[in-house]
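Spelled out from the first residue to the last, the chains are:
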Amino acid sequence: MSDSTMSERAFTCVVAEDESLLRESLVKQLRDAWPELQIVAECEDGASALEALAEHTPTVAFLDIRMPGITGLEVAAAAAQVSPRTQVVFVTAYDQYAIDAFERGAVDYLLKPISPARLSTTVQRLKERTGNNDAAVLADLLQRLGARPAAAAAPPLTWITASAGRETRLILVDEVAYFRADNKYTTVVTAEGEALLRTPIRELLGVLDPSTFRQIHRSTIVNLKAIAGIVRDDTGRGTVRLKSRPETLPVSAPFMALFRHM
């Protein structure tokens, strides 16, 4: 492809990194290394990255692998459905992820701290590869990364204290049907009722067991054990029915990709 053709093409980008200083640094480096790139969304978590991919279908997405809640790996897996033409670049501080599959050319990675020379190489690869996304290679890579043992992490949350009026309740996390964002706080919903937790929903994502709790909307985290069924409508959105509660919970369209095997 000629340089003139390349300059005429509109390149768009989503950046997802939960550390604000690192996110700002990557955005600045990208603007220096790739001036014509249009950064359409700067995301602080996997949930907002998923929604940005669905909304903008960008040329490329730079995804931090380790994000609370929905990880960069899960975002990349869902991207095959919500934005299949998007090229994925993983950003990681853990060199155990820099395996030979990255070097096959279909998926790239950047190791923190990101050097200008390495970023320049990635930019050139992306320009040459745009429009030739190899979904099979990405799927194979994600499967192998997912099979690798996770780095040691703090044990997931097992109980919380939340307030209901003047009463402070001790609630086992397994008894929670779902969490719902409520301004700066979070509503905890169990079969018995509701209580208020003084922890933002984004912070909860980092301490809940990801094998049990799944974000289904920017404002909602559901306990998978509490789900009775999921119904998809014609628009791609879904609705969760609960075993112990009468209300249903909406699943926004990008998040439905996370439930494709259920």
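Quick note: structure is the one above.
Below is a summary of the structure that appears in this document. (Residues numbered from 1 in each chain as written. Predicted model: local features only at pLDDT ≥ 70, side-chain atom pairs only at ≥ 80, totals over all residues. Heavy atoms only, no water.)

## Digging into the sheet that holds strand β14 (residues 238-242)
Test applied: When DSSP finds two or more bridges between two strands, those strands count as paired. Elements are defined by DSSP. Helices are runs of H or I of four residues or more, strands are runs of E of two residues or more, and each kind is numbered from the N terminus. Here an angle of 0 to 180 degrees is reported between the N-to-C directions of two axes, which are lines fitted to C-alpha atoms, with helices fitted over the stretch in contact.
Spatial ordering of the open sheet is given by β13-β14-β15, a layout of 3 strands whose pairing is antiparallel. The sheet is open, and its two edges are formed by β13 (227-232) and β15 (248-251), each paired on a single side. Recorded for the sheet is a direction-independent mean angle of 25 degrees between the axes of neighbouring strands. Of the pairings in the sheet, the one linking β14 to β15 comprises 4 bridges and is antiparallel in character. From the neighbouring strand, Thr 239 faces β15, where its bridge partner is Pro 250.

## Focus: the nonpolar core
Selection rule: The definition of a nonpolar core used throughout is a set of buried Ala, Val, Leu, Ile, Met, Phe, Trp, Tyr and Cys residues joined through side-chain atoms within 4.5 Å. Under the scheme applied here, a residue whose accessible area is under 20% of the maximum for its type counts as buried, over 50% as exposed, and between as partly exposed, the area being computed with a 1.4 Å probe on protein chains only. Any two residues whose heavy atoms approach within 4.5 Å at even a single point are treated as in contact.
Core analysis: the biggest nonpolar cluster contains 39 residues, and Leu 50, Leu 63 and Phe 90 have the highest contact counts within it. In terms of residues, this core owes the most to one element, helix α4 (residues 72-82), which gives 6 residues. Not counting chain neighbours up to four residues away, the residues in contact with Leu 50 comprise Ile 70, Val 75, Ala 78, Val 82, Pro 254, Phe 255 and Leu 258. Core analysis: the next-biggest nonpolar cluster, separate from the first, contains 18 residues, Val 27, Leu 30, Val 89 and Leu 126 among them.

## Looking at the packing of aromatic side chains
Applied cut-off: Note on ring pairs: Phe, Tyr and Trp rings are taken, using the six-membered ring of Trp, and paired if centres are within 6.5 Å. Classes follow the plane angle, with under 30 degrees stacked, over 60 edge-to-face and the rest tilted. Here, a charge over a ring is recorded when the distance from Lys NZ or Arg CZ to the ring centre is within 6 Å and its angle to the ring normal is within 35 degrees.
Counted according to the given criterion, the structure contains 2 aromatic pairs. Aromatic pair Phe 11 and Trp 34: ring centres 5.1 Å apart, planes at 55 degrees, arrangement tilted. Of this pair, Phe 11 sits in the loop between α1 (3-8) and β1 (12-16) while Trp 34 sits in the loop between α2 (20-33) and β2 (38-43), placing them 23 residues apart in sequence. Taken individually, Phe 11 and Trp 34 each receive the classification buried, so the pair is uniform in this respect. Both rings, one in Phe 179 and one in Phe 213, keep their centres 5.8 Å apart while their planes meet at 50 degrees; by these two values the pair is tilted. Here Phe 179 is found in strand β8 (residues 176-182), whereas its partner Phe 213 is found in strand β11 (residues 213-217), with 34 residues between them in sequence. The two residues Phe 179 and Phe 213 agree in class, both being buried. The aromatic ring of Tyr 109 is capped on one face by Arg 118, whose charged end is 5.1 Å from the ring centroid.

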